[in-house]
Amino acid sequence: MAGRDADDPGSAPTKLWGGRFQQATDPVVERFSASVSFDRALARYDIRGSIAHARMLAATGLITPADRKAIVAGLEQIGADIEAGRFAFQDRLEDIHMNVESALRDRIGEAAGRLHTGRSRNDQVATDLTLYLLDACRSAEAGLRQLRGVVLERAREHVDTVLPGYTHLQRAQPVRLAHHWLAYFEMWTRDAERFRDLRGRLDRAPLGSGALAGSTLPLDREQTARELGFVGPSRNSMDSVGSRDGALEFLSAAAICMIHLSRISEELVIWSSSEFGFVELADAYSTGSSLMPQKKNPDVPELVRGKTGRVVGNLMTLLTVVKGLPLTYNRDLQEDKEPVFDSARTLGDCLDVTAGALATLRVGRERMAAAASDPMLLATDLAEALVREDVPFREAHEVVGKLVAHCVEGGLDLGALSKEELRRFHPAFPAGAPELLDVERALEERDLPGGTARARVEEALGEAAARLANEEEDAE
Ligand code: ARG
């Protein structure tokens, strides 16, 4: 209310939708409900949608060709002004839709009043958002293609770089660094597929659904749908104006992708510590400390990890917004936009900087190799040597467990135990540890599909390159 007298009808109402209202909107409400500060991100889609709508109205005889011409030309000018940053958005006009329509009226006069024929802001905003999401999916896919190209390139350089693979952040078994990084290639490929699949579900145009129940006017929904690049009009007007699962899916795909970026970021943070020394981020991708001159901080991966929080939060936000809504449109749905815009922008930035950080980091091969040379990493191989001699695996596991404990207690090197020493634990050991345990052999023997043997990794590199090339072709 902000100091306003409830009985005072106020100055001349500035209502945009005229007739029904006698009082101007309270300034507090105006500020509270305005969305143009953020939904201006929909401007180009709003204008595309309006142009398609105007053409359809003319084609069906609902407006004259002269009005169509004036409307389309006016919208094109407004679009150009917005792109050029020359457009004065007004909170008073609430949202992007009313800002554009009002500017159209200023430019072409009375004909502007015919643009909204047979349309509601409900089907209008649903159309805008769908077009926005389609573009956002495409750019996420492009960002992922770039990142996958980088990780593939780095993997290719490091077929012969060996490091421990970890479970529970404990050294587990040696792997090729290429194999490790190709794991991310797979995750990011699925991430890209999620965005592509979603585009397949965003293929129907809400336009023509009206406020919720369609229109009494002879609109041609096929025409607007096709002009906007959809396969056809949506199948249910109420679903069209009242659903936001497309946005939810986008937020979910973005959140999953951020989780993957966050995991590799976490690794880069750990790996660049002195304790690991596995990688060194390029100067361009790290920052110093304002206090400690020796510091080189992995801020970029840390920020990617941190920004994952907001992208996950954005998904929770919209899930919660939609949760209790009866059909169809409710103003709550205006809250769909900021999470979507924020996730799209954050994801794009994070894909970019992660690609840059990966492309430029230096790999500490020696530190990785030293960590991988711990013979304890080959304990499984020792057990499997017994399995090859027909010892049941459970028994072999037990035997090697005792051997490991023996080495730990006595400060002995598992990799140096002779055949005789091994045989004290089990008579079936065919040779001594130096013959049985060798990192290169451990890698090469893991020659199943999806394994870390050189041939498998090279095969995987080839396949990954082919997939990426295919997608790049499709994207052109
Ligand atoms: N700014 C609104 C939104 O984003 C547009 C739709 C308004 N519709 C309405 N019935 N008030 O949701």
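Note that this is a predicted model, so its numbers are computed, not measured.

Novice: Would you mind showing me how to read the pairing of strand β2 (residues 170-176) here?
Specialist: Along any regular strand, the residues point their side chains to alternate faces of the sheet. Examined bridge by bridge, strand β1 (residues 162-167) and β2 share 6 bridges and lie antiparallel to one another. Counted as the bridge partner of Thr167 is Gln170 from β2.

Novice: What is the right way to read the pattern of salt bridges from this model?
Specialist: If the charged atoms of two oppositely charged side chains come close together, the side chains can form a pair. Inspection of the entire model under this criterion finds 39 salt bridges. The closest approach of N and O atoms between Arg55 and Glu227, which form a salt bridge, is 2.6 Å. Taken as a pair, Arg55 in helix α3 (residues 43-59) and Glu227 in helix α8 (residues 221-227) lie far apart in primary sequence, 172 residues in all. Between Asp342 and Arg310 there is a salt bridge; the shortest N-O distance is 2.6 Å. You can see Asp342 sitting in helix α12 (residues 337-360) and its partner Arg310 sitting in helix α11 (residues 299-323), a full 32 residues away along the chain. Bridged by salt links that share partners, the residues Asp160, Arg176, Glu440, Glu444 and Arg454 form one connected network.

Novice: What is the right way to look at a nonpolar patch on the surface in this model?
Specialist: A grouping of Leu212, Met238 and Leu327 is seen on the molecular surface, where their side chains present a nonpolar patch of about 270 Å² in accessible area. Here Leu327 falls in the exposed class, since its relative accessible area comes to 62%.

Novice: Explain unusual backbone geometry to me, please; I cannot follow it from the model alone.
Specialist: Note: most residues except glycine have negative phi, and most peptide bonds are trans. Note that the residue after Leu327, namely Thr328, is joined by a cis bond; omega there is 5°. In this fold, Thr328 is placed in the loop between α11 and α12. In this model, Glu94 sits at a positive phi of 70°, which is unusual for a non-glycine residue. Relative to the helices and strands, Glu94 is located in the loop between α4 (65-83) and α5 (96-108).

Novice: Even after reading the chapter, I still don't get a negative patch on the surface, so can you show me in this structure?
Specialist: Among the surface-exposed residues, Glu472, Glu473, Asp474 and Glu476 lie close enough to one another that they form a single negatively charged patch. Here Asp474 shows up in helix α19 (residues 454-475).

Novice: So what exactly am I meant to see when it comes to the packing of aromatic side chains here?
Specialist: How two aromatic rings sit relative to each other is given by the distance of their centres and the angle of their planes. Enumeration over the complete set of coordinates arrives at 8 aromatic pairs. Taking the centre distance of 5.9 Å and the plane angle of 80° together, the rings of Tyr45 and Tyr132 count as edge-to-face. With a gap of 87 residues between them, Tyr45 in helix α3 and Tyr132 in helix α6 (residues 121-157) connect regions that are remote in the sequence. Just as Tyr45 is buried, Tyr132 falls in that class too. Ring geometry for Tyr184 against Trp188: centres 5.5 Å apart, planes inclined by 35°, an arrangement best described as tilted. Here Tyr184 pairs with Trp188, and both are found in helix α7 (residues 177-201), just 4 residues apart, close to one helical turn. An aromatic cluster of three or more residues is present, and its members are Tyr166, Trp271, Phe276 and Phe278. The cationic tip of Arg148 hangs over the ring face of Phe185; the distance from NZ or CZ to the ring centre is 5.0 Å.

The rules behind these values
Residues numbered from 1 in each chain as written. Predicted model: local features only at pLDDT ≥ 70, side-chain atom pairs only at ≥ 80, totals over all residues. Heavy atoms only, no water. Pairing = 2+ DSSP bridges. Helix = DSSP H or I, 4+ residues; strand = E, 2+ residues; numbered from the N terminus. Salt bridge = Lys/Arg side-chain N within 4 Å of Asp/Glu carboxyl O. Patch = residues over 30% accessible without salt bridge, like charges linked within 9 Å, V, L, I, M, F, W, Y side chains within 5 Å. Areas by Shrake-Rupley, 256 points an atom, 1.4 Å probe, with all protein chains shown as cover. Buried < 20%, exposed > 50% of the residue type's maximum accessible area, 1.4 Å probe, protein only. Lys, Arg positive; Asp, Glu negative; His and termini not counted. Charge placed at Lys NZ, Arg CZ, Asp CG, Glu CD. Phe/Tyr/Trp six-rings, centres within 6.5 Å; stacked < 30°, edge-to-face > 60°. Lys NZ or Arg CZ within 6 Å of the ring centre and 35° of its normal.

By themselves these figures say nothing about function.
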